[in-house]
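One-letter residues, chain by chain:
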Amino acid sequence: MSLMLNAIRILNKKLIFSAPNNQLIKRSYAVARKRFYRKTGILYNDGKYEITLDQRKLKTPKGNLFVVDSEPLAFAIATEWNMQKEKIWLTSMHLTTLSNTVIDNPNNLTKYEMVEYIVNHLDSDAILFQSHENDDLYKLQVEEWDPVIQWFCDKFQVDLKKSRDMNAPVLDTETKATITRHLLSYNFECVHGYVYAVDTLKSLILTLACVERFLTPEKAASLSRLEEEFQLKKWGRIEWAHDLSQQDQEARLSSTILFIYFNSTSWLTKQKNNR
Amino acid sequence: MYAPSIITLRQIIHEIRRAIPQGTIKDNLMIRYLFDQYRKFNTTDQQICKAKDEVTFAANTYLCYLRSSRMHQEIHDQYHGKGERSVQETANMVGFKLPHDPK
């Protein structure tokens with residue numbers, strides 16, 4: 001019922017005005033809501049953390065209660081909500097939206113399906129395809145990408161081959177099995193994070209290098225944009241296109257890496273008890 | 001000179017202060033939590049210094065998130081279309097003056 005009401009409210013507010021004389025046609029964007037709360041906080045309940053906006057509890061788009069397992073993640077999400085000024089821009093709140101996706105799971109994905117999706121990315125991993133047209137670019141790619149590929153091979157004891165033409169490098173089943181096992185050792189939340197990170201970087205190798213702390217998020221993002229950066233040096237840089245997409249990519253990636261961290265380890269709660 | 005971890009902490013506080021509408025970090029939960037964590041890991045033994053590395057990395061990642069989000073928003077605000085520009089604004093953009101402006 002409330003969903004219906006919401007839909008009607010949005011329809012009334014914006015959607016499409018097609019006047020009979022075709023003079024006014026507006027595009028349909030969801031209206032950003034006003035910030036309706038003053039303070040944000042977190043609650044500890046039943047081993048999980050909830051977010052509060054004033055006295056209300058935060059809920060997901062499907063109406064489930066918003067809960068996360070990790071304390072620092074809850075703090076970071078409460079801070080995200082606190083950072084909204086007049087309007088609530090959900091598109092800028094990557095930690096919230098990721099958690100929403102995990103809680104609601106709108107595509108009804110299972111962990112195994114997601115791992116399969118991620119591992120299939122390895123065949124067409126961005127950094128395994130290197131330029132065959134431009135020798136300067138190739139040199140740069142060898143210089144910047146090859147150490148990461150080498151690290152990946154050493155870390156997971158696998159053998160990856162790169163390609164300089166349209167043919168994808170052939171991966172043996174052993175390699176895929178190793179990476180699948182590694183990814184399956186993570187929980188459901190983290191695998192969701194991996195999907196998001198791989199889609200952001202277009203590379204599983206860079207994602208894993210970043211999660212394993214071999215690369216910083218800034219470096220990983222810049223490596224995934226290596227060709228773009230190379231071309232920019234020649235053709236020039238435009239702030240509202242290149243810088244915008246760079247910052248967006250860095251924000252998405254770093255938030256996802258944090259998300260995977262907070263959901264995968266218990267280092268922040270454990271370490272003190274050992275003393 | 002401050003240790004690198006302290007510099008990161010200061011930068012995170014700086015970003016949070018810029019980002020929140022209250023503009024003051026008094027009673028801010030995140031800041032209090034950060035201080036707690038920093039104190040905790042400051043007193044940790046060398047034995048678990050792997051954990052310290054992890055925390056430093058997480059702090060830097062969080063800083064990267066805050067900073068990139070802010071810069072993304074700034075660029076967006078600067079360039080995002082706000083409808084048609086006035087004659088005055090257009091003239092200013094290309095360095096012209098209107099007939100009635102002083103020379």
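Residues numbered from 1 in each chain as written. Chains lettered and ligands numbered in written order. Predicted model: local features only at pLDDT ≥ 70, side-chain atom pairs only at ≥ 80, totals over all residues. Heavy atoms only, no water.

**Student:** Can you break down the interface of chain A and chain B residue by residue, with the values?
**Tutor:** Opposite the 43 residues of chain A that make contact, chain B presents 36 residues. Across the contact surface, chain A and chain B share one salt bridge. In this structure, Arg213 of chain A engages Glu54 of chain B in a salt bridge whose closest nitrogen and oxygen atoms are separated by 3.5 Å. The tally of links from chain A across to chain B stands at seven residue pairs in polar contact (both at pLDDT 80 or more). Counting residues per element, the ones that place at least two in the side of chain A that touches chain B are strand 2 (40-45), helix 2 (71-82), helix 3 (94-104), helix 9 (217-224), helix 11 (239-264) and helix 12 (267-270) of chain A. A total of 13 residues in the side of chain A that touches chain B trace back to one element, the largest contributor, which is helix 11 of chain A. The class makeup of the residues in the side of chain A that touches chain B is 18 nonpolar, 12 polar and 13 charged. (Contact = heavy atoms within 4.5 Å. Salt bridge = Lys/Arg side-chain N within 4 Å of Asp/Glu carboxyl O. Polar contact = N/O pair within 3.5 Å; in protein donor to acceptor, adjacent residues only side chain to side chain. Helix = DSSP H or I, 4+ residues; strand = E, 2+ residues; numbered from the N terminus. Nonpolar A, V, L, I, M, F, W, Y, C, P; charged D, E, K, R; others polar.)

**Student:** Describe the environment of Glu227 of chain A, listing the residues and the values that go with them.
**Tutor:** Residues and elements named next belong to chain A. Relative to the helices and strands, Glu227 is located in helix 10 (residues 226-235). On the basis of relative accessibility, which here comes to 42%, the residue Glu227 falls in the partly exposed class. Spatially, the C-alpha atoms of Glu227 and Gln130 are 9.6 Å apart, while their sequence positions differ by 97 residues. (Buried < 20%, exposed > 50% of the residue type's maximum accessible area, 1.4 Å probe, protein only.)

**Student:** An account of the packing of aromatic side chains is needed here, citing residue identities and associated values.
**Tutor:** Residue and element names in this part refer to chain A. Evaluated as defined, the whole model comprises nine aromatic pairs over all chains. Look at Trp151 and Phe214: their rings are 5.0 Å apart centre to centre, the planes differ by 15°, and that puts the pair in the stacked class. Residue Trp151 is found in helix 5 (residues 135-156), and its partner Phe214 is found in the loop between helix 8 (204-211) and helix 9; the two are separated by 63 residues along the sequence. When its relative accessible area of 16% is taken as the criterion, Trp151 is described as buried. By relative accessible area, which is 38% here, Phe214 ends up partly exposed. When the centroid spacing of 5.1 Å and the interplanar angle of 65° are considered together, the rings of Tyr186 and Tyr194 count as edge-to-face. For the pair Tyr186 and Tyr194, a shared accessibility class is recorded, and that class is buried. Pairwise contacts between aromatic rings join Trp151, Phe152, Phe156 and Phe214 into one cluster. Directly above the aromatic system of Tyr138 lies the positively charged group of Arg164, at a separation of 3.4 Å from the ring centroid. (Phe/Tyr/Trp six-rings, centres within 6.5 Å; stacked < 30°, edge-to-face > 60°. Lys NZ or Arg CZ within 6 Å of the ring centre and 35° of its normal.)

**Student:** How would you explain the pairing of strand 2 of chain A if you had to name every residue and give the values?
**Tutor:** Residue and element names in this part refer to chain A. In this sheet, strand 3 (residues 48-53) lies alongside strand 2 in antiparallel orientation, the contact comprising six bridges. Opposite Gly41, over in strand 3, you have Thr52 as the bridge partner. Between the end of strand 2 and the start of strand 3, which pair antiparallel, lie two residues, with Asp46 showing a positive phi angle near 60°. (Pairing = 2+ DSSP bridges.)

**Student:** Explain the environment of Thr200 of chain A to me, and be specific about the residues and the numbers.
**Tutor:** Residues and elements named next belong to chain A. Note on placement: Thr200 falls in helix 7 (residues 188-201). Assessed through its relative accessible area of 12%, Thr200 is described here as buried. Remark: the alpha-carbon pair of Thr200 and Ala221, spanning 21 residues in sequence, is separated by 8.7 Å. The contacts of Thr200, once residues within four sequence positions are left out, are Gln249, Arg252 and Leu253.

**Student:** With reference to specific residues and values, describe the confidence of the model for chain A.
**Tutor:** Summary statistics for chain A give a mean pLDDT of 86 and a share of 86% for residues scoring 70 or more. The low-confidence segment residues 10-19 of chain A (pLDDT under 50) makes 15 contacts with residues lying over four places distant or belonging to another chain. (pLDDT = per-residue confidence, 0-100.)

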